[in-house]
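The chain contents come next:
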Amino acid sequence: MQKCLACPRGCSVDRERGEIGFCGVTNEYIIGSADLHFWEEPCISGTHGSGAIFFSGCNLRCVFCQNRDISREVAGKKYSEDELVAKMLELEARGAHNINLVTATPYSFFIAKTLEKAKKQGLSVPVLYNCGGYESLEALRALDGLVDIYLPDFKYFNDDLARTYSNAPNYARVAGEALCEMYRQVGKLTLDEKGIAERGLIVRHLVLPACREDSKAVLKYISEILPASEVTLSLMRQYTPDFASENVPKNLKRRLTSFEYEDVLSYALSLGFDGFSQDKESAKKDFTPNFDKNIF
Ligand code: SF4
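A quick note: this is a predicted structure, and the numbers were derived from the prediction, not measured.

S.K.: It is not clear to me how the confidence of the model for the protein should be interpreted in this structure. Could you clarify?
M.R.: Regions with low pLDDT should not have their predicted coordinates read in detail. In this model, the protein carries a mean pLDDT of 92, and residues with pLDDT of at least 70 account for 94%. Between residues 289-296, whose pLDDT stays under 50, and residues either more than four places distant or in other chains, the model counts 21 contacts.

Given below as structure tokens:
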């Protein structure tokens, strides 16, 4: 990729020659962790786990990121395309309900080819694209027919918040357009007879401390661009200040209160959303995978 436009940042760097853009990665796959993962929504993790492949590098680098050791540090192991295909097939053979591509956005243009290869070699479980929502339409269109389930975040509505927390002031507009494209491709969430996701869209929103009005604005906006009844919402409560950068705004140095979360949840229900909520115990540091301990 000589002029990277793989995401809305549009850095235009020459990744083939090793130039680095905002996301921090070149043209090689760098994988932080690839293993069965049991902490996703129940219809994703099921009983056998989700085959989660955590890609290193990120085009958002949020100041409160829970996966910061791979999103900011770009740590992990290099994989060739054939090695990544083999890892997908191995995860399926181990019982994974799906192949869960976590933050693959910086690799979005070449992952389409890798997925085609994996499917030709027998990959048959659903492919899930798990991302921050800051996606280019061109990259998403390249995945049309290859991704079965989209699991994007929708993080902010307010441009100032998006700029302060993710350096992405146009986040809501970009994420809104991306969401509509994802919905066009996969539609409403469908489950198999065991309650495991087969196809469709699940939107995650993490409620942040002192940001409940923005959370409500996010939900309102989603309900304006897509019918709420068609969108499965995963309203996340797991914010913890343990991962926040040192110089984050004061509000991010505390946990979310029950009042804040429940207020946003009530609003979501009033708009007609259905989906998943989290209990208070989810806001723990050890709720996130430890990348040092996962097996490649
Ligand atoms: S994928 Fe990375 S290098 Fe390419 S435009 Fe996005 S942030 Fe920049």
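Here the narrative resumes, following the displayed structure.
S.K.: Mind showing me how you'd approach the site of the ligand here?
M.R.: Residues in close proximity to the ligand include Cys4, Ala6, Cys7, Arg9, Gly10, Cys11, Val13, Arg15, Gly21, Phe22, Cys23 and Pro106, which together make up its full environment. Across the shell around the ligand, the residue classes tally to 8 nonpolar, 2 polar and 2 charged.

S.K.: Would you mind showing me how to read unusual backbone geometry here?
M.R.: When glycine is set aside, most residues are seen to have a negative phi, and most peptide bonds are trans. Not every positive phi belongs to a glycine, and Thr103 is a case in point at roughly 55°. On the basis of relative accessibility, which here comes to 18%, the residue Thr103 falls in the buried class. Look at Asn167: it is not a glycine, yet its phi comes out positive at around 55°. Residue placement: Asn167 occurs in the loop between α6 (159-166) and α7 (171-186). For Asn167, a relative accessible area of 41% translates into the label partly exposed.

S.K.: Could you clarify how one ought to interpret the nonpolar core in this entry?
M.R.: Burial of nonpolar side chains together is a common tendency in soluble globular proteins. With 78 residues, the main nonpolar core has Ile53, Phe55, Leu101 and Phe154 as its most contacted residues. Beyond its immediate stretch of four places on either side in the chain, Ile53 contacts Ile31, Ser33, Ala34, Leu84, Met88, Leu91, Ile99, Asn100, Leu101 and Val102. Counting residues in hydrophobic clusters, the runner-up holds 8 residues, among them Leu128, Leu151, Ala197 and Ile202.

S.K.: Whenever I open this one, the packing of aromatic side chains confuses me. Can you help?
M.R.: The relation between two aromatic rings is expressed through the spacing of the ring centres and the mutual angle of the planes. All told, the structure shown has 14 aromatic pairs when counted by the stated rule. Arranged with centres 5.9 Å apart and planes meeting at 75°, the rings of Tyr129 and Tyr150 form a pair that is edge-to-face. Separated by 21 residues along the polypeptide, Tyr129 in strand β5 (residues 127-131) and Tyr150 in strand β6 (residues 149-152) bring together distant segments of the chain. On the basis of relative accessibility, which here comes to 0%, the residue Tyr129 falls in the buried class. Between Tyr156 and Tyr171, the ring centres sit 5.4 Å apart and the planes meet at 75°, which makes this aromatic pair edge-to-face. Of the two residues, Tyr156 is situated in the loop between β6 and α6 and Tyr171 in helix α7; the sequence distance between them amounts to 15 residues.

Procedures and definitions
- Residues numbered from 1 in each chain as written.
- Predicted model: local features only at pLDDT ≥ 70, side-chain atom pairs only at ≥ 80, totals over all residues.
- Heavy atoms only, no water.
- pLDDT = per-residue confidence, 0-100.
- Contact = heavy atoms within 4.5 Å.
- Near = heavy atom within 4 Å.
- Nonpolar A, V, L, I, M, F, W, Y, C, P; charged D, E, K, R; others polar.
- Buried < 20%, exposed > 50% of the residue type's maximum accessible area, 1.4 Å probe, protein only.
- Helix = DSSP H or I, 4+ residues; strand = E, 2+ residues; numbered from the N terminus.
- Core = buried A, V, L, I, M, F, W, Y, C linked by side-chain atoms within 4.5 Å.
- Phe/Tyr/Trp six-rings, centres within 6.5 Å; stacked < 30°, edge-to-face > 60°.

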